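# Structural description and commentary
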Amino acid sequence: MSRKYFGTDGIRGRVGEPPITPEFVMRLGYAAGGVLVNRAGLRRGDHAAVLIGKDTRISGYMLEAALEAGFSAAGVDTMLTGPMPTPAIAYLTRALRLQAGVVISASHNPFEDNGIKFFSAGGDKLPDEIEQEIEDALEGQMRCRDSTRLGRAKRVEDAAGRYIEFCKSTFPNSLDLRGMSIVVDCAHGAAYHIAPHVLHELGADVSSIGAAPDGYNINAGVGATQPAALIQAVRERGAELGLALDGDGDRLIMVDGAGRTYDGDELLYVIATDRARSERPNGIAGTLMTNLALERAFEAMAIPFGRAKVGDRYVLEMLKEKGWLLGGENSGHIICLDRHTTGDGLVSALQVLAAMRRGKAALAQLCGGLRLYPQILRNVPVARGFDWSESSKLVAAKQDVERQLGKSGRVLLRASGTEPVLRIMVEGADAEQVERCVTLLTDAVATVAAAAACT
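Here is what the cut-offs are and how they apply
Residues numbered from 1 in each chain as written. Predicted model: local features only at pLDDT ≥ 70, side-chain atom pairs only at ≥ 80, totals over all residues. Heavy atoms only, no water. Helix = DSSP H or I, 4+ residues; strand = E, 2+ residues; numbered from the N terminus. Rg over C-alpha atoms; globule rule 2.2 N^0.38 Å. Buried < 20%, exposed > 50% of the residue type's maximum accessible area, 1.4 Å probe, protein only. Pairing = 2+ DSSP bridges. Axes fitted to C-alpha atoms, helices over the stretch in contact; angles between N-to-C directions. Contact = heavy atoms within 4.5 Å. Salt bridge = Lys/Arg side-chain N within 4 Å of Asp/Glu carboxyl O. Phe/Tyr/Trp six-rings, centres within 6.5 Å; stacked < 30°, edge-to-face > 60°. Patch = residues over 30% accessible without salt bridge, like charges linked within 9 Å, V, L, I, M, F, W, Y side chains within 5 Å. Areas by Shrake-Rupley, 256 points an atom, 1.4 Å probe, with all protein chains shown as cover. Parallel < 35°, antiparallel > 145°, perpendicular 65-115°, else oblique. Left-handed = near helix turned anticlockwise from the far one by under 90°.

A few words now on the overall build of the protein chain. Counting its regular elements, the protein chain contains 14 helices and 18 strands. The C-alpha atoms of the protein chain give 22 Å as radius of gyration, which agrees with the globular expectation for 455 residues (23 Å, within 12%). Along the first, second and third principal axes, the C-alpha set of the protein chain runs to 70 × 60 × 40 Å. Counting across all 455 residues of the protein chain, residues that qualify as buried make up 57%.

In this section: the sheet that holds strand S4 (residues 100-104). Strand-to-strand pairing in sheets goes through backbone hydrogen bonds, with the strands running parallel or antiparallel. Reading across from one edge, S1-S5-S4-S2-S3-S6 is the order of the six strands in this open sheet, with mixed pairing throughout. Strand pairing shows two members of the sheet lacking a second neighbour, strand S1 (11-14) and strand S6 (153-155), which therefore form its edges. Sheet twist, expressed as the average angle between the axes of neighbouring strands with direction ignored, equals 20°. Relative to strand S5 (residues 113-120), S4 runs antiparallel, the two being bridged by five bridges. Within the sheet, the bridge partner assigned to alanine 100 lies in S5 and is serine 120. Where helix H2 (residues 60-73) meets the sheet, it contacts strand S2 (49-54), strand S3 (77-83), S4, S5 and S6, and its direction lies at approximately 170° from that of S2. Lying over the sheet, helix H3 (residues 86-95) contacts S2, S3, S4 and S5, oriented at roughly 165° with respect to S4.

A few words on the pattern of salt bridges. Tallying each qualifying case throughout the model produces 27 salt bridges. In this structure, aspartate 128 engages arginine 313 in a salt bridge whose closest nitrogen and oxygen atoms are separated by 2.8 Å. A residue pair is termed long-range when its members are at least 10 positions apart, and aspartate 128 in helix H4 (residues 128-138) and arginine 313 in helix H10 (residues 312-322) qualify at 185 residues. For arginine 378, the salt bridge is made with glutamate 435, and the minimal N-O distance between the two is 2.9 Å. Of this pair, arginine 378 sits in strand S16 (residues 375-381) while glutamate 435 is found in helix H14 (residues 431-454), placing the two residues 57 residues apart along the sequence. Residues joined by salt bridges that share partners form a network here, namely Asp9, Arg12, Lys117, Lys125, Asp248 and Asp312.

Bringing the packing of aromatic side chains into the picture now. Counting across every chain of the model gives seven aromatic pairs. Seen from their ring centres, tyrosine 5 and phenylalanine 24 are 4.7 Å apart, and the 50° between their planes marks the pair as tilted. Of this pair, tyrosine 5 sits in the segment before S1 while phenylalanine 24 sits in helix H1 (residues 22-40), and the two are 19 residues apart along the sequence. Ring centres 4.2 Å apart and planes at 15° place the aromatic pair tyrosine 91 and phenylalanine 166 in the stacked group.

Moving on, we get to a nonpolar patch on the surface. On the surface, a nonpolar cluster with roughly 340 Å² of combined accessible area is contributed by Ile58, Tyr61 and Tyr216. Along the chain, the position of tyrosine 216 falls in the loop between strand S8 (205-209) and helix H7 (228-237).

Inspection of the secondary structure puts glutamate 131 in helix H4. Under the relative-accessibility criterion, glutamate 131 is labelled buried at 3%. Residues within four places of glutamate 131 in sequence aside, it is in contact with Arg3, Phe6, Gly7, Leu126 and Arg313.

Our focus in this paragraph is the packing of helix H8 (residues 264-276) against helix H11 (residues 345-359). Two numbers describe how H8 lies on H11: the axes approach to 9 Å, and their chain directions differ by 55°. With respect to H11, the element H8 is oriented oblique. Of the two possible hands of crossing, H8 and H11 adopt the one that is left-handed. Within the contact between the two elements, H8 uses Leu267, Val270, Ile271, Asp274 and Arg275 and H11 uses Ser348, Gln351, Val352, Ala355 and Arg358.

Pairing is mixed across the open sheet formed by four strands, whose spatial order is S13-S12-S14-S15. Edge positions in the sheet fall to strand S13 (305-308) and strand S15 (334-336), since each has one partner strand and no second. Across the sheet, the mean angle from the axis of one strand to that of its neighbour is 20°, orientation sign disregarded. Where strand S12 (residues 284-287) meets strand S14 (residues 326-328), two bridges bridge the pair, whose relative direction is parallel. Following the sheet pairing, isoleucine 284 is matched in S14 by leucine 326.

What follows deals with the packing of helix H13 (residues 392-405) against H14. Two elements in contact, H13 and H14, have axes separated by 10 Å at closest approach and are oriented at 175°. Relative to H14, H13 is oriented roughly antiparallel. Across from Lys393, Leu394, Ala397, Lys398, Asp400, Val401, Gln404 and Leu405 in H13, the residues of H14 making contact are Gln433, Cys437, Leu440, Leu441, Ala444, Val445, Thr447 and Val448.

Of note, the bond from proline 18 into proline 19 is cis; its omega dihedral lies within 30 degrees of zero at 5°. Relative to the helices and strands, proline 19 resides in the loop between S1 and H1. For alanine 187, which is not glycine, the phi dihedral falls at a positive 60°. Among the secondary structure elements, alanine 187 is positioned in the loop between strand S7 (181-185) and helix H6 (195-201). The exposure class assigned to alanine 187 is buried, which follows from its relative accessible area of 0%. In the Ramachandran plot, lysine 360 falls in the positive-phi region, its phi being about 50° despite a non-glycine side chain. Looking at where lysine 360 falls in the secondary structure, it is placed in the loop between H11 and helix H12 (363-366).

Below, the structure written as structure tokens:
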């Protein structure tokens, strides 16, 4: 299935450039509204209704208005939350019994980018076939409904409070966070008015960084993709832990008092081993990027493990297909289907904190049974549509590296679904060998990509 606009995480791009323009986004709202009305099976005269949330980018105001106009023209009511984490929209869409949820966000990207992603009525990301149906509808003409059938819009005034209570409900009633000092980095993003309150209300001594969004500073030097600021804050404040979310609140990276960072693979390991104390997980889903050490750790615990394509939507698809409950990516997307329908950075953090409380152990102790293989990821700028597998030079370079690593390592080359880059991942038992191999591949890709751009 070839899609023109939807990538691995909705539609994303530079604001003002196709497809992230007000004209296109209005048409997208109209097209999506038509698909939702057709699929909703509503009684005659009833309106489909969608929830629209956004992160803190300045462009969110413009795109929110465009989406609202498109949905209204299609006869779909809209409910607006203002800045809210992506997983909050998934939860509220389900709780409010709406036909869909829409998030205006480019996640960890800089403020100049933005995007649109959809959730189904059940709080899941839309499957590929419905996204394709929306793309097909975009090819048709936009015809405004009669004035008597236009959609209405209203604000959801209690959205933040509802979601705060939901997050708290995923933490055991028998436990609390009293006596624990935590720094939370909200990336100047959508969780800035959510995460500190949740942790405080559970008893933690909380301080925040990255909690003063101005429309332009989202993810700028803070957040899950840039943990240096959090490490410094944890050390300066003498905190026990630091939690870093990304701009839309669905990723999590943690830091301990010694300044050590813990990625999604390690945090998934902590959650899975904690669950295994009461009931062994029936399976864990990772991705092609998941560290080999995690796969082998689960193998030693007799827990089935599977690798999905990169992207939390594909992890979720594998979990549903196999009937499993836990999965995630090393980037910090963690899915606990026994707690939420989608990946949620804050809910994931609460599961790790619950494991620490139950085990009466520090994060380093809980990760003691997992020694990650050295893994290096490099991003090489390429032209959109660049296919490394069509280059015999790159195919040969990859095969050469794989021979060098043998069974003790892995190589992955893949095009990003959100940026014009080729992602190169090399992991293995020997750190120096991994460094040499990733440099060899990076240089080869850069050379081939430059040559292709000149032709």
